[in-house]
Amino acid sequence: MATVTPPIPPALAQALAQARRVAVFTGAGVSAESGISTFRDPLSGLWSRFDARALATPEAFAAQPDLVWGWYEWRRAQVARAVPNAAHRAIAALARLVPGLALITQNVDNLHERAGSEGVIHLHGSLHAPRCSACGQAASFTAAPADEPAEGRAIAPPACGHCGAPIRPGVVWFGESLPAQAWQTALAAAGDCDLFLSIGTSALVYPAAELPLRALRAGATVAQVNPAATPLDARAHFNLRGAAADVMPRLLAAAGF
Ligand code: BV8
Ligand code: ZN
């Protein structure tokens, strides 16, 4: 993808410099420059190699637990090999510079945390919070992810130590509700912020994609960082057509941070 380096609009830099409460909303694109596959990019997107929407469902896990668990273990290995990029680091730095910052992510990786962000709101769960598919008991990984599980390799999920049912990934699958606490916290942050930054998301998955619209309705300034257009383009006040790891450090610098 050609990296463009859009200039930072002075009005956006000023909005960030003066913001009292900032909500940052991230999707797979913020981890793309760390080498984590996004869902939709035609070249590397998970969709192109797996039918991710077919795998990221309770029905798929019930029907093919080994294939689904193997896919998530492959993704967990990908994350373990990755390092946070300049976008993750700029977002972590921003939290130390503005009075109130809420970081809401759709991602299931732990790169925001490894960049130093705290209190990350995971709307769609985490690769690092496996739990029993029956009794819900939290499980811990018995081993590091297989070094290089071949994509699509089936791996039998471990059995729950409490009830013996298969352990499942701690993510929110399509058709499943979002964690109530995370969703309520994210809604409140979107409704309360004066600047909402949507970074690296195709803005297609609901209800998460409601958040920038809620911020708009509440009168916040909404800016988007994405090399490609999304349905949010028509509504956002600012569309920075560029890569997050390039734009985010420049946005902080333009704001005088
Ligand atoms: C629910 C965890 C109901 C698992 C995920 C029709 C209309 C509206 C909604 C629906 C519908 N049919 C079904 C639904 C509901 C469904 C949904 O929204 N489907 C979509 C596909 C239409 N939603 C659900 O099922 C949700 N639950 O609705 O529950 C309910 C209600 C009450 C009671 C019971 C049930 C649950 C959705 C959560 C699914 N889980 N993830 C896993 O990871 O495996 S979603 C998953 O996909 C991600 O978490 C993420 O949210 C989404 C992918 O989106 P992005 O993060 O945006 O990534 P994507 O690849 O799409 O885009 C990357 C972007 O980055 C691109 O724009 C690209 O240009 C950009 N980019 C690339 N490089 C860079 C970059 N940007 C910046 N810098 C770069 N370098
Ligand atoms: Zn159990």
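Note that the structure is predicted; figures quoted are calculated from it, not measured.

Analysis parameters
- Residues numbered from 1 in each chain as written.
- Chains lettered and ligands numbered in written order.
- Predicted model: local features only at pLDDT ≥ 70, side-chain atom pairs only at ≥ 80, totals over all residues.
- Heavy atoms only, no water.
- Helix = DSSP H or I, 4+ residues; strand = E, 2+ residues; numbered from the N terminus.
- Rg over C-alpha atoms; globule rule 2.2 N^0.38 Å.
- Buried < 20%, exposed > 50% of the residue type's maximum accessible area, 1.4 Å probe, protein only.
- Contact = heavy atoms within 4.5 Å.
- Phe/Tyr/Trp six-rings, centres within 6.5 Å; stacked < 30°, edge-to-face > 60°.
- Lys NZ or Arg CZ within 6 Å of the ring centre and 35° of its normal.
- Domains from an automatic or database assignment.
- Buried area = accessible area lost by both parts, 1.4 Å probe.
- Polar contact = N/O pair within 3.5 Å; in protein donor to acceptor, adjacent residues only side chain to side chain.
- Pairing = 2+ DSSP bridges.
- Axes fitted to C-alpha atoms, helices over the stretch in contact; angles between N-to-C directions.
- Donors = N, O, S within 2.8 Å, 3.2 Å for Na, K, Ca; no water.
- Arc of directions from axis to C-beta.
- Core = buried A, V, L, I, M, F, W, Y, C linked by side-chain atoms within 4.5 Å.

Looking at the overall build of the chain
Line of reasoning, step 1. A tally of helices and strands in the chain yields 11 helices and 8 strands.
Line of reasoning, step 2. On C-alpha atoms alone, the chain measures out to a radius of gyration of 18 Å, which is about the 18 Å that the 2.2 N^0.38 rule sets for 257 residues.
Line of reasoning, step 3. The principal-axis extents of the C-alpha atoms in the chain amount to approximately 55 × 35 × 30 Å.
Line of reasoning, step 4. When burial is assessed residue by residue, the chain has 51% of its 257 residues classed as buried.
Line of reasoning, step 5. Here the contacts in the chain between residues at least 6 apart in sequence split such that 72% fall between residues at least 24 apart.

Side note on the packing of aromatic side chains
Line of reasoning, step 1. Overall, the coordinates contain 5 aromatic pairs when judged by the stated rule.
Line of reasoning, step 2. Measuring from centroid to centroid gives 4.9 Å for tryptophan 71 and tyrosine 72, while their planes differ by 70 degrees, and the two rings are edge-to-face.
Line of reasoning, step 3. Members of the aromatic cluster, joined through ring pairs, are Phe61, Trp71, Tyr72 and Trp173.
Line of reasoning, step 4. Arginine 75 extends its terminal NZ or CZ atom over the ring of tryptophan 71, reaching a point 4.6 Å from the ring centre.
Line of reasoning, step 5. One residue, arginine 76, lies across the ring of phenylalanine 141, its end atom 3.3 Å from the ring centre.

Here's the deal with the domain arrangement of the chain
Line of reasoning, step 1. Taken domain by domain, the chain consists of domain 1 (8-36 + 84-124 + 178-257) and domain 2 (40-81 + 130-171).
Line of reasoning, step 2. Summarising the inter-unit geometry, the C-alpha centres of domain 1 and domain 2 are found 27 Å apart.
Line of reasoning, step 3. With 10 residues of domain 1 at the contact, the number on the domain 2 side is 6 residues.
Line of reasoning, step 4. Each partner contributes to the roughly 640 Å² buried at the junction of domain 1 and domain 2, and carbon and sulfur atoms together form 58% of this total.
Line of reasoning, step 5. Area buried by domain 1 at its contact with domain 2 is led by Ile36, Val108 and Arg114, which between them contribute 49% of it.
Line of reasoning, step 6. At the surface where domain 1 touches domain 2, the tally comes to 1 residue pair in polar contact (both at pLDDT 80 or more).

Section: the side chain of serine 117
Line of reasoning, step 1. With respect to the secondary-structure elements, serine 117 resides in the loop between helix H8 (111-114) and strand S3 (121-122).
Line of reasoning, step 2. Those residues within four positions of serine 117 in sequence are excluded, and the remaining contacts are Ile91, Ala92, Leu103 and His112.

Brief notes about the sheet that holds strand S7 (residues 221-225)
Line of reasoning, step 1. As summarised here, the arrangement of the 6 strands in space is S3-S2-S1-S6-S7-S8, forming an open sheet in which the pairing is parallel. In this open sheet, the two edge strands, each paired with only one partner strand, are S3 and strand S8 (238-240).
Line of reasoning, step 2. Across 6 bridges, strand S1 (residues 21-26) lies against strand S2 (residues 100-105) in parallel orientation. Each residue of the ladder has a partner; that of threonine 26, found in S2, is threonine 105.
Line of reasoning, step 3. Packed onto the sheet, helix H11 (residues 244-254) meets strand S6 (195-199), S7 and S8 and runs at close to 155 degrees relative to S6.

Section: the coordination of the zinc ion (ligand 2)
Line of reasoning, step 1. The zinc ion (ligand 2) binds to the protein through Cys132 (SG), Cys135 (SG), Cys160 (SG) and Cys163 (SG); the donor distances cover 2.2 to 2.3 Å.
Line of reasoning, step 2. Each donor residue of the zinc ion (ligand 2) lies on one chain, and together they are spaced C-x2-C-x24-C-x2-C.
Line of reasoning, step 3. Relative accessible area serves as the criterion here: at 39%, cysteine 163 is assigned to the partly exposed category.

Structural notes on the environment of valine 247
Line of reasoning, step 1. By the secondary structure assignment, valine 247 is in helix H11.
Line of reasoning, step 2. Since its relative accessible area comes to 0%, valine 247 is described here as buried.
Line of reasoning, step 3. Sequence spacing of valine 247 and arginine 20 is 227 residues, and the spatial spacing of their C-alpha atoms is 21 Å.
Line of reasoning, step 4. Apart from residues lying up to four places away in sequence, valine 247 is in contact with Pro6, Ile8, Val225, Leu240 and Gly242.

Focus on H11
Line of reasoning, step 1. Residues Ala244, Ala245, Val247, Met248, Leu251 and Leu252 constitute the buried set of H11. Down the axis of H11, the buried side of the element spans an arc of 165 degrees, and every buried residue falls inside it.
Line of reasoning, step 2. Structurally, H11 contributes buried residues whose contacts are with helix H1 (10-18), helix H2 (29-32), helix H7 (86-95), S6, S7 and S8.
Line of reasoning, step 3. Residue glycine 256 follows H11 closely and has a positive phi angle near 85 degrees.

Section: the nonpolar core
Line of reasoning, step 1. Core analysis: the biggest nonpolar cluster contains 29 residues, and Leu16, Val22, Val24, Leu197, Ile199 and Met248 have the highest contact counts within it.
Line of reasoning, step 2. Where this core is concerned, the elements lending two or more residues are H1, S1, H7, S6, S7, S8 and H11.
Line of reasoning, step 3. For valine 24, the residues in contact, after removing those within four places along its chain, are Ile91, Leu94, Leu101, Ala102, Leu103, Ile104, Leu197 and Ile199.

Quick notes on the environment of cysteine 135
Line of reasoning, step 1. Within the secondary structure, cysteine 135 sits in the loop between strand S4 (125-132) and strand S5 (167-171).
Line of reasoning, step 2. The class for cysteine 135 is partly exposed, based on a relative accessible area of 36%.
Line of reasoning, step 3. Cysteine 135 sits 103 residues away from alanine 32 along the chain, and the two C-alpha atoms are 34 Å apart.
Line of reasoning, step 4. Not counting residues up to four positions away in its chain, the partners in contact with cysteine 135 are Cys160, His162 and Cys163.

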